[in-house]
Protein chains: 2
Amino acid sequence: MIEETATQIQNQVGRANFTYLMSVAFDGTGYLGWQIQPHGPTIQSVMEEKLSYLFGSKIFLNSSGRTDAGVHALGMAVSFTPPAKPQIPPETIKRAMNSILPAEIRINSIEIRDQEFNARFDAKGKAYTYVIHNTRKANAFTHRWVWQVADKFNVEAVLQAASYLIGIHDFSSFAVEINKTKKNPIRHIFDIRTDSFGEYICITFLGESFLYKMVRSLMGTLHRVGIEKVQPQKVLEILESRNRLCAYDTAPAKGLFLMEVFYSYGEWKEFKLKELPFFVQKSYRQDC
Amino acid sequence: MIEETATQIQNQVGRANFTYLMSVAFDGTGYLGWQIQPHGPTIQSVMEEKLSYLFGSKIFLNSSGRTDAGVHALGMAVSFTPPAKPQIPPETIKRAMNSILPAEIRINSIEIRDQEFNARFDAKGKAYTYVIHNTRKANAFTHRWVWQVADKFNVEAVLQAASYLIGIHDFSSFAVEINKTKKNPIRHIFDIRTDSFGEYICITFLGESFLYKMVRSLMGTLHRVGIEKVQPQKVLEILESRNRLCAYDTAPAKGLFLMEVFYSYGEWKEFKLKELPFFVQKSYRQDC
């Protein structure tokens with residue numbers, strides 16, 4: 001028996017002439033990241049299973065990018081083309097999905113886009129936020145979502161180091177598997193910002209796109225600057241070396257949040273972190 | 001072979017002539033409550049295991065009370081008499097325990113009390129806080145710690161209903177297993193207060209002591225008042241009926257936090273909720 005491909009199955013049921021774009025929030029603690037893996041649950045596998053159940057035929061999701069195991073999201077962008085039938089209005093999909101999805105995965109919004117829209121290829125930028133809990137005393141409730149740093153953390157030094165990273169650079173020093181994937185290591189970082197909320201320090205990376213593990217690599221090196229083990233100027237040297245071995249250890253996944261994906265040019269300028277990512281008193285972009 | 005009792009084992013190692021009082025915070029999500037159970041992990045079983053490992057002999061904990069499966073704590077009070085040897089200073093116990101305990105159980109503080117001190121019998125009062133997330137949109141990050149209530153929640157009506165409950169009353173209507181346990185159903189509630197933080201409404205119960213499931217039963221009925229299904233005056237009728245069947249369903253465990261246990265008279269008057277229980281920007285009573 002020949003395995004059915006995505007295209008074959010979708011042809012059987014027929015495709016709608018539009019695409020849905022969803023914004024999804026998730027606590028990534030118990031998942032092996034976004035992309036389907038053979039050895040455990042992923043956000044993609046759970047969402048595709050529930051969507052396929054809802055539509056009665058296999059649904060495939062295009063995501064704006066992958067997230068590592070343990071990384072969280074407030075606004076992961078995902079698109080899919082529904083079958084021609086059944087026609088289900090976006091608000092119904094959202095309500096039905098939020099009632100059958102596990103509590104740690106929530107659909108914030110669903111919009112209709114044209115047929116050619118693709119969450120991955122049409123993205124114009126992304127915002128990632130790292131949460132540092134700058135304390136010696138771990139918190140029983142927030143530990144899943146932070147990188148706990150006991151040492152004094154110098155935000156001014158981090159901002160100075162960040163200034164060398166903003167702009168268009170070869171980020172070979174801050175990515176893994178560059179040689180293997182043969183990806184173009186040149187990327188555009190629009191801005192790096194810091195916000196403090198009590199003992200928590202948030203570092204937000206706004207960029208056009210990021211290489212594999214680039215945000216975690218950047219954060220690993222900025223952390224060394226923050227705890228004053230490395231001078232800010234050293235970051236320029238590391239960047240210019242284009243050598244991963246010159247940078248410091250990758251930061252842990254669990255402090256990282258994919259905050260938002262931008263689909264129009266310059267939209268990133270309006271991004272503002274008002275609260276801690278895991279603590280939005282007003283539900284984030286959930287409008288139904 | 002005869003099973004060793006707590007007393008026999010403690011006699012073997014000798015006992016110190018003082019007691020330690022610990023304040024413990026925990027996320028109760030993955031636990032079967034405080035008290036040791038045959039079928040899964042409890043906070044008590046995990047803490048006794050780690051303390052016994054630390055001291056090299058079996059340690060038994062006295063707690064200020066039990067908590068149901070899924071209930072959380074910011075300041076559970078627990079006492080134990082250490083063996084005479086090894087002598088371990090309180091700050092060392094705290095640091096060592098916090099390094100070997102799971103991240104969702106944290107020791108806030110350890111104090112030395114006299115030999116006769118018992119966390120349960122010496123308690124003069126307790127503060128419990130219920131967190132209601134008053135929204136139709138669940139939050140992927142805070143869902144473990146709230147009771148999500150989609151309907152409009154009338155805080156003024158709850159406060160009016162609460163006024164009938166404050167004071168010394170027979171709370172038979174708001175407890176389970178009263179007949180089985182033959183406990184005195186008369187209890188003293190010092191105060192019931194509300195605090196709002198964005199979409200979250202906190203209801204704090206301050207009392208001398210509470211019957212089994214009493215806080216959850218009270219909250220179940222106050223919830224009916226809050227969503228305007230029941231008039232506040234009805235709560236007085238329910239109280240006076242002394243009949244559990246007249247009250248409404250017990251509220252879910254996961255929105256409930258044991259906030260603090262008081263060991264001096266009137267100390268409850270100084271209790272003030274400054275932030276949401278699961279979101280203390282400044283670590284709660286963690287001073288090392």
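In this text the structure is predicted, and so the values were computed from the model without any measurement.

Trainee: Before we move on, could you go through the overall build of chain A and cite the residues and values that matter?
Mentor: Across its full length, chain A carries 7 helices and 10 strands. Here chain A has a C-alpha radius of gyration of 20 Å; the compact-globule value for 288 residues is 19 Å, and the two agree. The dimensions of chain A, computed from C-alpha atoms along their principal axes, are 60 × 40 × 40 Å. Of all intrachain contacts in chain A linking residues separated by at least 6 positions in sequence, the fraction that spans at least 24 positions is 73%. Accessible surface for chain A amounts to roughly 13100 Å². Of this, 49% is attributable to carbon and sulfur atoms. In chain A, the 34 positive side-chain charges and the 29 negative ones have mean positions that sit 3 Å from each other.

Trainee: So what's going on with helix H6 (residues 214-226) of chain A? Which residues, and what values?
Mentor: Residues and elements named next belong to chain A. Here H6 contains 13 residues, and its C-alpha end-to-end distance of 18 Å stays within 8% of the 18 Å for a straight helix at 1.5 Å per residue. Burial within H6 is extensive, with 12 of its 13 residues counted as buried. Considered for burial, the residues of H6 that qualify are Met214, Val215, Arg216, Ser217, Leu218, Met219, Gly220, Thr221, Leu222, His223, Val225 and Gly226. Backbone geometry just after H6 places Glu228 at a positive phi near 65 degrees.

Trainee: Before we move on, could you go through the relation of the copies chain A and chain B and cite the residues and values that matter?
Mentor: The two chain copies are related to each other by a rotation about an axis together with a translation along it. Each copy superposes on the other: chain A lies on chain B with an RMSD of 0.0 Å after a rotation of 180 degrees and an axial shift of 0.0 Å. The transformation relating the two chain copies, once decomposed into turn and shift, fits a two-fold axis. Taking the C-alpha atom as reference, chain A places A:Phe279 closest to the rotation axis, 3.9 Å from it. A symmetric contact is evident, with 100% of the interface residues of chain A recurring at the interface of chain B.

Trainee: Run through the packing of aromatic side chains, naming residues and quoting values.
Mentor: Per the stated rule, a full pass over the model turns up 32 aromatic pairs over all chains. Plain terms: the ring middles of A:Phe262 and A:Phe271 are 6.4 Å apart, the flat faces sit at 80 degrees to each other, and that makes the pair edge-to-face. Across this residue pair, the class does not change: A:Phe262 and A:Phe271 are buried. Note on A:Phe279 and B:Phe278: the rings are 6.1 Å apart at their centroids and 65 degrees apart in plane angle, and the pair reads as edge-to-face.

Trainee: Give a detailed account of the pattern of salt bridges, specifying residues and quantitative values.
Mentor: All names here are of chain B. Taken as a whole and judged by the stated rule, the model has 18 salt bridges over all chains. Ionic pairing is found between Glu48 and Lys58, a salt bridge with its closest N-O pair at 3.5 Å. You can see Glu48 sitting in helix H2 (residues 43-55) and its partner Lys58 sitting in the loop between H2 and strand E2 (62-63), a full 10 residues away along the chain. What makes Lys58 partly exposed here is its relative accessible area of 32%. As a salt-bridge pair, Lys152 and Glu228 come within 3.7 Å of each other at their nearest N and O atoms.

Trainee: Any details on the pairing of strand E5 (residues 125-133) of chain B? Residues and values, ideally.
Mentor: In the case of a regular strand, side chains alternate between the two sheet surfaces. All names here are of chain B. Of all 9 residues making up E5, 9 are buried, and the element is well covered by its neighbours. Judged by which residues are buried, E5 turns out to be covered on both faces: Gly125, Ala127, Thr129, Val131 and His133 on one side and Lys126, Tyr128, Tyr130 and Ile132 on the other are all buried. Where E5 lies against strand E10 (residues 256-262), 6 bridges are found, and the strand directions are antiparallel. In the sheet register, Gly125 faces E10, and the bridge partner there is Phe262. With 8 bridges joining them, E5 and strand E9 (residues 200-207) adopt antiparallel strand pairing. Among the inter-strand pairings, His133 is bridged to a residue of E9, identified as Tyr200. Relative to strand E6 (residues 147-148), E5 is paired through 2 bridges, and the arrangement is parallel. When the bridges of E6 are listed, His133 appears paired with Gln148.

Trainee: Tell me about the interface of chain A and chain B, and please be specific about residues and values.
Mentor: With 36 residues of chain A at the contact, the number on the chain B side is 36 residues. Taken together, both faces of the contact between chain A and chain B bury some 2900 Å²; the carbon and sulfur share is 59%. Our count for the chain A to chain B interface comes out at 2 salt bridges. Between A:Arg144 and B:Asp27 there is a salt bridge, and its shortest N-O distance comes to 3.3 Å. Top contributing element to the side of chain A that touches chain B by residue count: strand E3 (residues 72-80) of chain A, with 3 residues. Across the side of chain A that touches chain B, the residue classes tally to 18 nonpolar, 10 polar and 8 charged.

Trainee: Quick rundown of the domain arrangement of chain A? Include the residues and the values.
Mentor: Residue and element names in this part refer to chain A. Domains assigned within chain A are domain 1 (14-114) and domain 2 (125-264). A straight line from the C-alpha centre of domain 1 to that of domain 2 covers 27 Å. Taken together, the contact between domain 1 and domain 2 spans 18 residues of the former and 16 residues of the latter. The contact between domain 1 and domain 2 buries some 1200 Å² in all, and 59% of this surface belongs to carbon and sulfur atoms. Taken together, domain 1 and domain 2 are joined by 1 salt bridge. The closest approach of N and O atoms between Arg216 and Asp68, which form a salt bridge, is 2.6 Å. Across the contact surface, domain 1 and domain 2 share 10 residue pairs in polar contact (both at pLDDT 80 or more).

Trainee: Mind laying out the environment of B:Pro89, listing which residues take part and the relevant values?
Mentor: Residues and elements named next belong to chain B. Take Pro89: it is sitting in the loop between strand E3 (72-80) and helix H3 (90-100). On the accessibility criterion, Pro89 (46% relative accessible area) is partly exposed. C-alpha of Pro89 to C-alpha of Asn118: the two residues are 29 residues apart in sequence and 19 Å apart in space.

Trainee: Break down the packing of helix H4 (residues 155-165) of chain B against helix H6 (residues 214-226) of chain B for me, with residues and values.
Mentor: All names here are of chain B. It is the contact of H4 with H6, at a shortest axis distance of 8 Å, that shows an interaxial angle of 140 degrees. The angle between H4 and H6 places the two elements in the oblique class. For the pair H4 and H6, the sense of crossing is right-handed. In this structure, H4 contributes Ala157, Val158, Ala161, Ala162 and Leu165 to the contact, and H6 contributes Leu218, Leu222, Val225 and Gly226. Counted by class, the contact of H4 with H6 contains 8 nonpolar, 1 polar and no charged residues.

Calculation notes
- Residues numbered from 1 in each chain as written.
- Chains lettered and ligands numbered in written order.
- Predicted model: local features only at pLDDT ≥ 70, side-chain atom pairs only at ≥ 80, totals over all residues.
- Heavy atoms only, no water.
- Helix = DSSP H or I, 4+ residues; strand = E, 2+ residues; numbered from the N terminus.
- Rg over C-alpha atoms; globule rule 2.2 N^0.38 Å.
- Contact = heavy atoms within 4.5 Å.
- Areas by Shrake-Rupley, 256 points an atom, 1.4 Å probe, with all protein chains shown as cover.
- Lys, Arg positive; Asp, Glu negative; His and termini not counted.
- Charge placed at Lys NZ, Arg CZ, Asp CG, Glu CD.
- Expected span 1.5 Å × (residues − 1).
- Buried < 20%, exposed > 50% of the residue type's maximum accessible area, 1.4 Å probe, protein only.
- Least-squares fit on C-alpha atoms with pLDDT ≥ 70 in both.
- Phe/Tyr/Trp six-rings, centres within 6.5 Å; stacked < 30°, edge-to-face > 60°.
- Salt bridge = Lys/Arg side-chain N within 4 Å of Asp/Glu carboxyl O.
- Pairing = 2+ DSSP bridges.
- Buried area = accessible area lost by both parts, 1.4 Å probe.
- Nonpolar A, V, L, I, M, F, W, Y, C, P; charged D, E, K, R; others polar.
- Domains from an automatic or database assignment.
- Polar contact = N/O pair within 3.5 Å; in protein donor to acceptor, adjacent residues only side chain to side chain.
- Axes fitted to C-alpha atoms, helices over the stretch in contact; angles between N-to-C directions.
- Parallel < 35°, antiparallel > 145°, perpendicular 65-115°, else oblique.
- Left-handed = near helix turned anticlockwise from the far one by under 90°.

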